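Read off the chains here:
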Amino acid sequence: MDQSDALAFAMDLTPLALDDTLDVVAYVTGFIDRFKADVTAKLRQRLER
Amino acid sequence: MQLRNSSADIFIPDGKAPEEALLRISHLGVGAHQDDLEFMAFHGIQACYHSESEWFGGVTCTNGAGSSRTGSYERFSDAEMMAVRRQEQRQAAIVGRYAAMVQLDYASKIVKDPADAHLKEDLIDILSAAQPRVVYTHNPADKHETHVAVVAGVIQAIRELPKQQRPQAVYGCEVWRDLDWLPDAEKVVHDVCGHENLAAALNGFVRFADRRGEALRPRGDRPPPGQCDLFRKSRRGSERRAGLRHGPHAAGPG
């Protein structure tokens, strides 16, 4: 059952605001790396059965 | 507060003094272009709309000079288009009951120049004056270079603030690249329904402005506006969304 008629997604940038030692590029590309890993794992699982 | 660009504009819809108006801001949106805030920061706009204690403030960084000229604006000069877009953004601030609307009026090339510190310094002053609890800006994976320049400036400005003055939540929002690819556990979900009349009013403004921006921006990336379809219609069941993160500092009622 839907709980809302409309949603918007956002990236949480709060850690970058609170921790000056976090590298901005590394933080952002980390999301992309995890996305890539997710796609890779799911695809490999289907191809290797 | 003295902004660095002599043509910058601080508009206070209810006529309060700028210092008082900025200080009440709890939710601040910082966008590149005149129509970005109503699209990406509607979560904050609607949260503050009926609140006695929460106020939305807007910052638009560029001057609108690059807007395309079609229809009745075909013969408008850059200066005339900038005046039109500035007035449109003021009107959105009235409709959305913003605490303040700051238009920094920089050329895009200045915003995108990493050697030019004017934007960052203005943002430091605005953030210091307002000390918002929540900040909405562009997401760093956006495809528009000026959007990326703005979020970079926002992060740099926040990092110049004393820790106790920094916002509790900073969100990078969707404009020119969706974020549905984010891993579910890391995806912040903003519920943007519940104020259909406000959405429709601001939607009309965005739709109007958007048509003129067609030549400036990539086509086909932004969903066609319509009532409540500024935003993604929910198609996910509650079970699936249990794995998503709702904005932790949400924004209050609405």
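As a starting point, this report considers the structure included with it. A quick note: this is a predicted structure, and the numbers were derived from the prediction, not measured.

### Some thoughts on the interface of chain B and chain A
Piece 1. Across the boundary between the two partners, chain B contributes 36 residues, which contact 24 residues of chain A.
Piece 2. Secondary-structure elements contributing two or more residues to the side of chain B that touches chain A are helix H7 (145-160), strand S6 (169-173), strand S7 (187-191), strand S8 (232-233) and helix H9 (238-241) of chain B.
Piece 3. Here the side of chain B that touches chain A is built from residues that sort into 19 nonpolar, seven polar and ten charged.
Piece 4. As defined by bridge partners, strand S1 (residues 6-12) of chain A adjoins S6(B) across three bridges and the pair is classed as antiparallel. By the bridge assignment for S6(B), Asp12(A) is matched with Tyr171(B).

### Overview of the environment of Val150(B)
Residue and element names in this part refer to chain B.
Piece 1. Checked against the element boundaries, valine 150 lands in helix H7.
Piece 2. For the pair valine 150 and lysine 112, spaced 38 residues apart in sequence, the C-alpha separation works out to 7.9 Å.
Piece 3. Ignoring anything within four residues of it in the chain, the contact list for valine 150 reads Val30, Gly31, Ala32, Cys61, Val111, Thr137 and His138.

### A closer look at the packing of helix H6 (residues 118-130) of chain B against H7(B)
Residues and elements named next belong to chain B.
Piece 1. At their nearest, the axes of H6 and H7 sit 8 Å apart, and the two run at 55° to each other. Taken together, the axes of H6 and H7 are oblique relative to one another. As H6 runs across H7, the sense of the crossing is right-handed. From H6, Leu119, Lys120, Leu123, Ile124 and Leu127 reach across to H7, where they touch Gly153, Val154, Gln156, Ala157, Ile158 and Glu160.
Piece 2. Within the contact of H6 with H7, the residues separate by chemical class into seven nonpolar, two polar and two charged.

Reading guide: rules and limits
- Residues numbered from 1 in each chain as written.
- Chains lettered and ligands numbered in written order.
- Predicted model: local features only at pLDDT ≥ 70, side-chain atom pairs only at ≥ 80, totals over all residues.
- Contact = placed C-beta atoms within 7 Å.
- Helix = DSSP H or I, 4+ residues; strand = E, 2+ residues; numbered from the N terminus.
- Nonpolar A, V, L, I, M, F, W, Y, C, P; charged D, E, K, R; others polar.
- Pairing = 2+ DSSP bridges.
- Axes fitted to C-alpha atoms, helices over the stretch in contact; angles between N-to-C directions.
- Parallel < 35°, antiparallel > 145°, perpendicular 65-115°, else oblique.
- Left-handed = near helix turned anticlockwise from the far one by under 90°.

Interpretation note: all reported values are geometric properties and have no functional meaning in isolation.
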